[in-house]
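Structure assessment
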Amino acid sequence: MIDLHTHTFFSDGVLIPSELVCRALAQGYKTICISDHVDFSNMDITIPRLAKVAKILTREYKIKVIPGAELTYIPPRLMPQALRLARSLGAQIVLVHGETVVEPVPKGTNRAAIEAKVDILAHPGMITKDEVKLARANKVHLEITTRRGHNKTNKHVASLAHIYGAKLVFNTDTHEPEDLMTEASIKKILDLAHLTQKDFNDMQENANNLVAGKDL
Ligand SMILES: [Zn+2]
Ligand SMILES: [Zn+2]
């Protein structure tokens, strides 16, 4: 299993990175990206520390740990600048906290993320057809999420992605240990989004290819 969206107590998750990684390993994960919430206040504190421990944990255990970041509530105009900074500090996968329907994320965040060419637009809510087309052109992956609230629009995101050919990834947005993927949680989310086991396998392959393309 590969999951490119998780949190630790470097933001609002409850676990230290080492425990998150050991719990993921015990649950059968092969690859995990730690993508704590960042903005201009904490990128320099968070990302280099995640990069440091990711290297150590990947060396010690049979799991690939990727240092990432979730750009969160960035003013849309500043998205390219935030992305550059996150990458320069060592974030190998950069997500943007998209326009979920359950939070007042700034309008224009989805488009700004896609135009900036981030790796993954997380929980994109009621993303538009034109944005999905642009995501395909810019090779931005759209997220299907198990996270409650954010997962309300999975079916919308999946159907537009299928029509317009944008790539999907399946992430948990784990904040607590019980959020990590299990057979049961995967099945539940697939059913609600009208997705199949084959779609899940394709999403996992997309995530693997995204990571492989980074040549970590
Ligand atoms: Zn988020
Ligand atoms: Zn998140």
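One structure accompanies this document, and this report is about it. (Residues numbered from 1 in each chain as written. Chains lettered and ligands numbered in written order. Predicted model: local features only at pLDDT ≥ 70, side-chain atom pairs only at ≥ 80, totals over all residues. Heavy atoms only, no water.)

When its secondary structure is counted, the chain shows eight helices and eight strands. For 216 residues, the compact-globule formula gives about 17 Å, and the C-alpha radius of gyration of the chain, at 16 Å, lands near that figure. When its C-alpha atoms are laid out on the principal axes, the chain stretches across 45 × 40 × 30 Å. Taking the contacts inside the chain whose residues are at least 6 apart along the sequence as the reference set, 71% of them involve residues at least 24 apart. (Helix = DSSP H or I, 4+ residues; strand = E, 2+ residues; numbered from the N terminus. Rg over C-alpha atoms; globule rule 2.2 N^0.38 Å. Contact = heavy atoms within 4.5 Å.)

Our next topic: the pairing of strand β8 (residues 168–171). Here β8 shows two buried faces, one formed by L168 and F170 and the other by V169 and N171. Bridging between strand β7 (residues 141–145) and β8 involves four bridges; their strand directions are parallel. Counterpart to T145 in the pairing with β8 is N171. Handedness of the crossover joining β7 and β8 through helix α6 (residues 154–164) is recorded here as right-handed. (Buried < 20%, exposed > 50% of the residue type's maximum accessible area, 1.4 Å probe, protein only. Pairing = 2+ DSSP bridges. Right-handed = clockwise from strand over helix to strand, strands pointing away.)

Before going further, it helps to examine the coordination of the zinc ion (ligand 2). Around the zinc ion (ligand 2), the protein contributes the donor atoms H5 (NE2), H7 (NE2), E70 (OE) and D173 (OD), at 2.0 to 2.2 Å from the metal centre. Bound by four donor atoms, the zinc ion (ligand 2) shows angles of 82 to 167 degrees at the metal and therefore irregular coordination geometry. Sequence positions of the donors to the zinc ion (ligand 2) reduce to the motif H-x1-H-x62-E-x102-D. Using a relative accessible area of 0% as the deciding quantity, one classes H7 as buried. In this structure E70 comes out as buried when scored by relative accessible area, which is 0%. (Donors = N, O, S within 2.8 Å, 3.2 Å for Na, K, Ca; no water. Tetrahedral: all angles 85-135°; square planar, octahedral: opposite > 155°, others 65-115°.)

Turning our eyes to something else, we now look at the coordination of the zinc ion (ligand 1). Here the zinc ion (ligand 1) is held by E70 (OE), H97 (ND1) and H123 (NE2), and the distances to it run 2.0 to 2.1 Å. Positions of the donor residues of the zinc ion (ligand 1) along the chain correspond to the pattern E-x26-H-x25-H. The metal-metal distance between the zinc ion (ligand 1) and the zinc ion (ligand 2) comes to 3.2 Å, with E70 coordinating both. Here E70, found in strand β4 (residues 64–71), pairs with H123, found in the loop between β6 (120–122) and α5 (129–137); they are 53 residues apart in sequence, far enough to count as distant.

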